Amino acid sequence: MDRSGAYAYVYAKACGIVSKSFVGKKSGRLFSVKTLGELWTLLFEEELPMVPEGLLAYEIERKARGEFISSFISLLSAFDKPEPVCLALLDYFNFENYKILVHALDEKQKDVPSFNNLGDYSTLNLAKWPSFTEMVRGTFFAGFGLSLPEKPDASWENMLDKLFYRNLWDSVNKIPSAQRDFAIHIIKNQIEIENISWALRLRVYFDMKREDIIPMLVFEDAENPSSKDVLGGTAMEALELPLDNIEAWKSWKFFKFLNPWSDSSLWSVDPRYFEQAGFTWLGQQALKNFHRNPFSVNTLLCFFKIKQSEVSLIRTAAEGIRLQVSEKEMADFRGNR
């Protein structure tokens, strides 16, 4: 199949999958069910698994994520050589698998962990478990050494996250110039929102200082981080604004994703609200642009972000049911205005 024929096939198949997805107006159905069992039945055709209620929320998210990955790979299979940006997006799950592997062996886990199934797109040699050396030998991750990392802590994970996002941003420049504008828009905003979410979490939950947070962010020019940087600038601005004064944020680019102010309570920045609202918006942007330039890489970019947003909404719905969160709190948390 030539490339134009492959894109026509991918667009048609992606349309069918997206039409059945719980995104846009249809996402409300996720939040209308009252039990995890009902949520499972809404999402999947398989029988409800016989697991404790406390584990069912995890199983729902795991299965939804697996179906997302499988559907994206099925689209990539139409191409002899998928676009680098598509492989870079999929690498999120390869990096996640690497983290899962390292933590499992560091904790001396005996059973095979629940890796993301990436099929032929898996970087690690998963069949070689539990030999770390053989699982990473000859792969991208061998560049970090063939021995288990000595200290797989938050700083180590942050190093991997920054590398993933740098690779993703670099891959955008390999897209044909005529198709690049939307990719720049969606990937740039994704990295900005990730940066800000991370910066706010570190600042609010760990009381970290600006100078300690900046090295943990993603910048286009990592040697000269500044508020002018296209990837890290908005996060640096967020580090300067007061956490308890909403008026000070009103001219900030991503103000609309902040938790709303109420007369009845004191206001302070909620990192979880910002993150969910930001990623809901990214999903909406992808849904809005899905049918534009249909026979191009934009179809795959939009599809990935739409399904990623769906998994995030499913996770929110499942956790809300598990924790018995009120309907109003659920609506607020998922970014509704």
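About the cut-offs
- Residues numbered from 1 in each chain as written.
- Predicted model: local features only at pLDDT ≥ 70, side-chain atom pairs only at ≥ 80, totals over all residues.
- Heavy atoms only, no water.
- Helix = DSSP H or I, 4+ residues; strand = E, 2+ residues; numbered from the N terminus.
- Rg over C-alpha atoms; globule rule 2.2 N^0.38 Å.
- Buried < 20%, exposed > 50% of the residue type's maximum accessible area, 1.4 Å probe, protein only.
- Contact = heavy atoms within 4.5 Å.
- Areas by Shrake-Rupley, 256 points an atom, 1.4 Å probe, with all protein chains shown as cover.
- Phe/Tyr/Trp six-rings, centres within 6.5 Å; stacked < 30°, edge-to-face > 60°.
- Lys NZ or Arg CZ within 6 Å of the ring centre and 35° of its normal.
- Salt bridge = Lys/Arg side-chain N within 4 Å of Asp/Glu carboxyl O.
- Axes fitted to C-alpha atoms, helices over the stretch in contact; angles between N-to-C directions.
- Parallel < 35°, antiparallel > 145°, perpendicular 65-115°, else oblique.
- Left-handed = near helix turned anticlockwise from the far one by under 90°.
- Nonpolar A, V, L, I, M, F, W, Y, C, P; charged D, E, K, R; others polar.
- Polar contact = N/O pair within 3.5 Å; in protein donor to acceptor, adjacent residues only side chain to side chain.
- Expected span 1.5 Å × (residues − 1).

- The protein goes by V-type ATPase subunit in an unreviewed UniProt entry, where it is assigned to Candidatus Gallitreponema excrementavium.

## What about the overall build of the protein?
Inference 1: A count of helical and extended segments in the protein gives 12 helices and zero strands.
Inference 2: Its helices and strands in sequence order give the protein the pattern α-α-α-α-α-α-α-α-α-α-α-α, from N to C terminus.
Inference 3: In terms of overall dimensions, the protein is globule-like: its C-alpha atoms have a radius of gyration of 21 Å, near the 20 Å expected for 337 residues.
Inference 4: If one aligns the C-alpha atoms of the protein with their principal axes, the spans along those axes are about 55 × 50 × 50 Å.
Inference 5: Split into buried and exposed, the 337 residues of the protein put 48% on the buried side.
Inference 6: Considering only residue pairs separated by 6 or more positions, the protein has 61% of its internal contacts joining residues 24 or more positions apart.
Inference 7: For the protein, the exposed area adds up to about 17,000 Å²; of that, 52% sits on carbon and sulfur atoms.

## Overview of the packing of aromatic side chains
Inference 1: What the rule picks out here adds up to 30 aromatic pairs.
Inference 2: A cation over a ring is seen here: K26 above F22, with NZ or CZ 5.0 Å from the ring centre.
Inference 3: Across from the ring centre of F44, 5.4 Å away, lies the NZ or CZ of K63, which sits over that ring.

## Remarks on the pattern of salt bridges
Note that side chains of opposite charge can pair when their charged atoms are close.
Inference 1: Counted by the stated rule, this structure contains 19 salt bridges.
Inference 2: Measuring nitrogen to oxygen at the nearest pair gives 2.5 Å for the salt bridge that ties D161 to K99. Pair noted here: D161 is in helix 6 (residues 154-172) and K99 is in helix 4 (residues 84-106), with a separation of 62 residues, a long-range link.
Inference 3: Residues E134 and R137 are paired through a salt bridge, measuring 3.0 Å at the closest nitrogen-oxygen approach.
Inference 4: Overall, R137 belongs to the partly exposed group, its relative accessible area being 42%.
Inference 5: Several salt bridges share partner residues, and in doing so they unite E46, K63 and E67 into one network.

## Points about the side chain of S27
Inference 1: Of note, S27 is situated in the loop between helix 1 (3-19) and helix 2 (36-43).
Inference 2: Its relative accessible area of 9% is what places S27 among the buried residues.
Inference 3: The contact partners of S27, leaving out residues within four places of it in the chain, are F22 and L313.

## Describing the environment of F279
Inference 1: Along the polypeptide, F279 turns up in helix 10 (residues 271-289).
Inference 2: Taking the C-alpha atoms as reference points, F279 and E53, separated by 226 residues in sequence, lie 27 Å from one another.

## A word on the side chain of S197
Inference 1: Relative to the helices and strands, S197 is located in helix 7 (residues 180-205).
Inference 2: Classification of S197 as buried rests on a relative accessible area of 2%.
Inference 3: Other than its neighbours up to four places away in sequence, S197 contacts F274 and E275.

## Notes on the packing of helix 7 against helix 11 (residues 297-322)
Inference 1: At a minimum axis distance of 10 Å, the contact between helix 7 and helix 11 shows a crossing angle of 25°. For the element pair helix 7 / helix 11, the angle class is roughly parallel. Where helix 7 crosses over helix 11, the two elements pack in a sense that is left-handed. Two secondary-structure elements touch here, helix 7 through F182, A183, I186 and Q190 and helix 11 through N298, L301, C302 and K305.
Inference 2: Classifying every residue of the contact of helix 7 with helix 11 by side-chain character gives five nonpolar, two polar and one charged.

## Side note on the environment of T139
Inference 1: Following the sequence through the fold, T139 ends up in the loop between helix 5 (132-136) and helix 6.
Inference 2: Spatially, the C-alpha atom of T139 lies 42 Å from that of K25, the residues being 114 residues apart in sequence.
Inference 3: Discounting residues that sit within four places of it in the chain, T139 has contacts with T123, L124 and N125.
Inference 4: At a separation of 2.7 Å, a polar atom in the side chain of T139 contacts the main-chain carbonyl oxygen of V136.

## With respect to helix 11
The periodicity of an α-helix, 3.6 residues per turn, causes residues three or four positions apart to be oriented the same way.
Inference 1: End to end, helix 11 covers 38 Å across 26 residues, agreeing with the expected 38 Å (1.5 Å per residue, within 8%).
Inference 2: The positive-phi residue at the C-terminal boundary of helix 11 is Q324, with phi of around 60°.

## Quick look at unusual backbone geometry
Inference 1: Each neighbour pair has its own omega, and for W129 with P130 the value is 10°, a cis peptide bond.
Inference 2: For P130, the position within the fold is in the loop between helix 4 and helix 5.
Inference 3: One non-glycine residue, K108, lies in the positive phi region at around 60°.
Inference 4: You can see K108 is positioned in the loop between helix 4 and helix 5.
Inference 5: The backbone of D207 shows a phi angle near 55°, a positive value even though the residue is not glycine.
Inference 6: Among the secondary structure elements, D207 is positioned in the loop between helix 7 and helix 8 (210-213).
Inference 7: Accessibility expressed as a relative area gives 55% for D207, which makes it exposed.

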